[in-house]
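Residues per chain, in single letters:
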Amino acid sequence: MKKGQTPNPAVIKKPEIKTKQTRQKALPAASLPRRFLAAAVDWYGSALCGNLIITLVVSLAQGQLLVTSSIADLSSGLAMTAVCLSSCAVLTYFIMIPMLVPGFQGQTPGKRLAQIRITHREGKPASPAQLGGRALCFLFLEQTFNNAAFLVRTLLTRFVNPGLIQGVYVFGLAASLVSVLLLLKTKRFMLHDKLTGTQVTAVER
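Figured I'd write up the structure that's included with this text. (Residues numbered from 1 in each chain as written. Predicted model: local features only at pLDDT ≥ 70, side-chain atom pairs only at ≥ 80, totals over all residues. Heavy atoms only, no water.)

For the rest of this paragraph, the subject is the side chain of His120. Tracing the backbone through its elements, the reader meets His120 in strand β1 (residues 116-120). With a relative accessible area of 18%, His120 lands in the buried category. In this structure the side chain of His120 is engaged in a polar contact, spanning 3.0 Å, whose partner is the backbone nitrogen of Glu122. Not counting residues up to four positions away in its chain, the partners in contact with His120 are Pro125, Ala126, Gln130, Gly197, Thr198 and Gln199. (Helix = DSSP H or I, 4+ residues; strand = E, 2+ residues; numbered from the N terminus. Buried < 20%, exposed > 50% of the residue type's maximum accessible area, 1.4 Å probe, protein only. Polar contact = N/O pair within 3.5 Å; in protein donor to acceptor, adjacent residues only side chain to side chain. Contact = heavy atoms within 4.5 Å.)

Quick look at the structure:
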């Protein structure tokens, strides 16, 4: 540009302003066989945790070791205690292990074995609130195939009309069906994922 010449506004180069936008890389969805493997392992593992509590409470109440998953022989007070402690053990399995065990970020033992993990919908690690909400939705909304919900329903039949409990079970069946259909359609989300903003992805190697 010559001295005294007015710069043309059209050709003035504006300084580049670099903005830090953290974009999470799209993670590959967990395959259906891996998800089913993880579900089978976690179903057994969480049921084992819950039933150990039931066995402990029943054994203490009866004064002898009785390996059982039934609360039928317990008084209402002891049954409530056993079911609450058992549910806490199952929730610990699904919430505290993915949160606190080193190397298990977003993974239950089943998901660790299947090499998949729970993440935020945007790909970042799932928050404690998401892990907790996801576990509660899975256990007590889609309640068809887990022992914790079965024990809760069994306990409630002592205080509530069994017909109402049967209606709750049918609702759980419907929620489970919706959840499976969502998984088959999206390959990433089940109902509890949709409600809590999570997804299940393959672990990057």
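Within this structure, the stated rule accounts for 2 aromatic pairs. Judged by centre distance (5.2 Å) and plane angle (75 degrees), the rings of Tyr93 and Phe94 are edge-to-face. Judged by centre distance (5.7 Å) and plane angle (65 degrees), the rings of Phe94 and Phe138 are edge-to-face. Here Phe94 is found in helix α2 (residues 76-100), whereas its partner Phe138 is found in helix α4 (residues 128-140), with 44 residues between them in sequence. Three or more aromatic residues joined by ring pairs form one cluster here, namely Tyr93, Phe94 and Phe138. It is Arg112 that lies over the ring of Phe104; its NZ or CZ is 4.9 Å from the centre. Here Arg121 stacks its cationic end above the ring of Phe189, 4.4 Å away from the centre of that ring. (Phe/Tyr/Trp six-rings, centres within 6.5 Å; stacked < 30°, edge-to-face > 60°. Lys NZ or Arg CZ within 6 Å of the ring centre and 35° of its normal.)

To continue, consider empty space enclosed by the protein. With the rule as written, the count across this model stands at 1 cavity of 30 Å³ or more. Lining the largest cavity we find Trp43, Ser46, Ala47, Val90, Leu139, Asn146, Asn147 and Ala148. Counting residues per element, the ones that place at least two in the lining of the largest cavity are α1 (32-62) and α5 (147-156). Examining the composition of the lining of the largest cavity, we find that 3 residues originate from one element, α1, more than from any other. (1 Å grid on protein atoms, 1.4 Å probe; cavity = no way out; pocket = protein on both sides within 12 Å on 5 of 7 lines; lining within 4 Å. Points joined across faces, edges and corners; volume = space filled by probe spheres on them.)

Just distances and angles here, no functional claims.
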